[in-house]
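Observations on chain architecture
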Amino acid sequence: MSETENSPVPADADARRAAKPLVCYQVDQLPPNNLELYRQARADLSPVAELVVPPRDGACFEVAAGSFFRIHSVDGPQVGDLNLWNAADLSERFFSGKTRQLHATHVSIGDRLWSSLPGLRPLATITHDTLDWYGWDDDGGGIHDVIGTRCDPYTNFMLQGVEYHHCCHSNLTRALAAARGLPLGEAERHVHDVLNVFMCTGFTRDSHQYFMKASPVRPGDYIEFFAEIDLLGALSTCPGGDCGSSHSDDSTPCYPLRVEILGPAEGSLAGWSPPPPNGYSRSHGL
Ligand SMILES: [Zn+2]
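So, a few notes on the structure that sits alongside this text. (Residues numbered from 1 in each chain as written. Predicted model: local features only at pLDDT ≥ 70, side-chain atom pairs only at ≥ 80, totals over all residues. Heavy atoms only, no water.)

**Section: the pattern of salt bridges**
Just so we agree on the cut-off: Salt bridges are counted wherever a side-chain nitrogen of Lys or Arg sits within 4 Å of a carboxyl oxygen of Asp or Glu. Labels follow the DSSP assignment, with helices taken as runs of H or I lasting at least four residues and strands as runs of E lasting at least two, numbered in each case from the N terminus. For every residue, the accessible area obtained with a 1.4 Å probe (protein chains only) is divided by the maximum for its type, and the residue is called buried under 20%, exposed over 50%, and partly exposed between those limits.
One pass over the full model with this rule turns up 14 salt bridges. Here Arg150 makes a salt bridge to Asp193, at a shortest N to O gap of 2.9 Å. Highlighted residues: Arg150 in the loop between β8 (142–145) and α4 (153–160) and Asp193 in the loop between α6 (184–190) and β9 (195–203), separated in sequence by 43 residues. For Arg150, a relative accessible area of 16% gives the class buried. For Asp193, a relative accessible area of 35% puts it in the partly exposed group.

**Considerations on the coordination of the zinc ion**
Going by this rule: A 2.8 Å cut-off from the metal defines N, O and S donors, relaxed to 3.2 Å for Na, K and Ca; water is not in the atom list, so some sites may appear incomplete.
Every protein donor of the zinc ion is accounted for by Cys151 (SG), Cys168 (SG) and Cys238 (SG), and the metal-donor separations fall at 2.3 Å. Of note, the zinc ion draws all its donor residues from one chain, in the sequence arrangement C-x16-C-x69-C. Of this pair, Cys151 sits in the loop between β8 and α4 while Cys168 sits in helix α5 (residues 168–180), and the two are 17 residues apart along the sequence. Side by side, Cys151 and Cys168 carry an identical accessibility label, which is buried.

**Concerning α5**
Test applied: Multiplying 1.5 Å by the residue count of a helix minus one yields the expected span of that helix. For this analysis, residues touch if any pair of their heavy atoms sits within 4.5 Å.
Taking 1.5 Å as the rise per residue, α5 with 13 residues should run 18 Å; its terminal C-alpha atoms sit 18 Å apart, in good agreement. Residues Cys168, His169, Ser170, Asn171, Leu172, Thr173, Ala175, Leu176 and Ala177 constitute the buried set of α5. In this structure, the buried residues of α5 make contact with β2 (58–63), β4 (80–86), β5 (89–93), α4, α6 and β12 (231–237). Of the residues one or two after α5, Gly181 is the one with positive phi, at around 60 degrees.

**Side note on the packing of aromatic side chains**
Definition in use: Ring geometry is summarised as follows: Phe, Tyr and Trp rings, the Trp one being its six-membered ring, pair when their centres sit within 6.5 Å, and such pairs are stacked at plane angles under 30 degrees, edge-to-face over 60 and tilted between the two.
In the structure shown here, the tally under the stated rule is seven aromatic pairs. Between Phe69 and Phe225 the ring centres are 4.7 Å apart and the planes differ by 15 degrees, which places this aromatic pair in the stacked class. On the criterion of sequence distance, the pair formed by Phe69 in strand β3 (residues 68–73) and Phe225 in strand β11 (residues 222–227) is long-range, its members being 156 residues apart. On the basis of relative accessible area, Phe69 is assigned to the buried category, the value being 0%.

**A short note on the sheet that holds β3**
Hydrogen bonds along the backbone pair up the strands of a sheet, which may run parallel or antiparallel. Defined as follows: Between any two strands, at least two bridges found by DSSP are needed for them to pair. Comment: axis = line fitted to C-alpha atoms, over the contacting stretch for helices; angle = value between 0 and 180 degrees taken between N-to-C directions.
In spatial order, the strands read β1-β13-β3-β11-β7-β6; together these six strands make up an open sheet with antiparallel pairing. In this open sheet, the two strands that pair with only one neighbour each are β1 (45–53) and β6 (112–114). Within this sheet the neighbouring strands show an average axis-to-axis angle of 25 degrees, counted without direction. The sheet contact formed by β1 and strand β13 (residues 257–264) spans eight bridges and is antiparallel. Along β13, the bridge assignment pairs Val52 with Arg258.

**Regarding the layout of surface pockets**
Definition in use: Space inside and on the surface of the protein is sampled on a 1 Å grid over the protein atoms alone, with a cavity defined as a set of points where a 1.4 Å probe fits but cannot get out and a pocket as an open set with protein on both sides within 12 Å along at least 5 of 7 lines; lining residues have an atom within 4 Å of a point. Grid points are joined across faces, edges and corners, and a volume is the space filled by probe spheres set on the points. Lys, Arg, Asp and Glu make up the charged group, whereas Ala, Val, Leu, Ile, Met, Phe, Trp, Tyr, Cys and Pro make up the nonpolar group; the residues left over, Gly among them, are polar.
Its boundaries defined by the atoms lining it, the largest pocket holds a volume of some 450 Å³. Sorting the residues of the lining of the largest pocket by element identifies α4, β9 and β10 (210–213) as the ones contributing at least two each. The biggest single contributor to the lining of the largest pocket is α4, with four residues. Broken down by class, the residue content of the lining of the largest pocket amounts to ten nonpolar, eight polar and three charged. A volume near 240 Å³ is recorded for the second largest pocket. For the second largest pocket, the lining is made up of 20 residues, of which Pro31, Arg112, Trp114, Pro122 and Pro275 are closest to its centre. Of all the secondary-structure elements, those providing two or more residues to the lining of the second largest pocket are β6 and β7 (122–129). Taken together, the residues that form the lining of the second largest pocket break down as twelve nonpolar, five polar and three charged.

**Considering the nonpolar core**
The test is simple: By convention a nonpolar core is built from buried Ala, Val, Leu, Ile, Met, Phe, Trp, Tyr and Cys residues, the set being connected through side-chain atoms within 4.5 Å.
Core analysis: the largest hydrophobic core is formed by 33 residues, its most contacted members being Phe61, Ile71, Leu82, Leu84, Leu195, Phe225 and Leu231. Sorting elements by how many residues they give to this core places β9 first, with four residues. In contact with Leu231, other than residues within four places in its own chain, are Phe61, Glu62, Val63, Phe69, Leu84, Trp85, Ala87, Leu123 and Ala124. Among the nonpolar cores identified, the runner-up in size contains 14 residues, and Cys60, Ala177, Leu182 and Ala234 belong to it.

**Describing the side chain of Asn196**
Within the secondary structure, Asn196 is located in strand β9. A relative accessible area of 1% places Asn196 in the buried class. Apart from the residues lying within four places of it in its own chain, the contact partners of Asn196 are Gly80, Asp81, His144, Asp145, Gly148, Thr149 and Tyr210.

The values reported here are purely geometric and, on their own, carry no functional implication.
Okay, here's the thing in structure tokens:
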């Protein structure tokens, strides 16, 4: 908080602060996450495609509904910034804020990545995470956050006064422009708040500021998702590398990330179908 003249403390300040916190949503009423079905299906997966995202760059990939995709650490500790869209309609995209409210500041196995309004449905479900052992560290940090967002050249220019062209925002923009044949400016409008894959972040205990620390990810680690609908994904290899020192410059060692797309065995998802868009009438009271 900025320094201002302190307001008088009311006599009942302690009592007001003692109000009990309530989790905002009745998350036990969310539609079931089908994790057991996905666990059975992931026991027999076949490779469909793969791509390697070079350091300080971005790339797009498509995943059919009912398939899985994994993001692998290769060569060295590296953070990735992930965007997801409905492959048939880029206006439906990952909604990190609502995902945070429905799950937590950091996501792992069983959590879903929800789409923007009015769709508000799961785009993907996390089905495996080799870093799920990390939990919460002594600084309050966790892995795979939906509290920060992508590094971007605008903030960097505002704070540093220099142009840097390989921030995650730019990497995602170039990747989407190339994948969909869009002008840069149009592609940029579709780039959105990310899932910070493998990134270790939290809020400082004293000032509640967003912090990052060196990611515990190592080559061989991966996070796996089930695609609930046909997806277009974009992944940036953050110029911050393991995000243990800096970002938005070329000073940190950076490594590639590998994306693997896997299909389940025939019949293993019997009875499953993609979730429909949210059922609200959209009348908004009129
Ligand atoms: Zn970044």
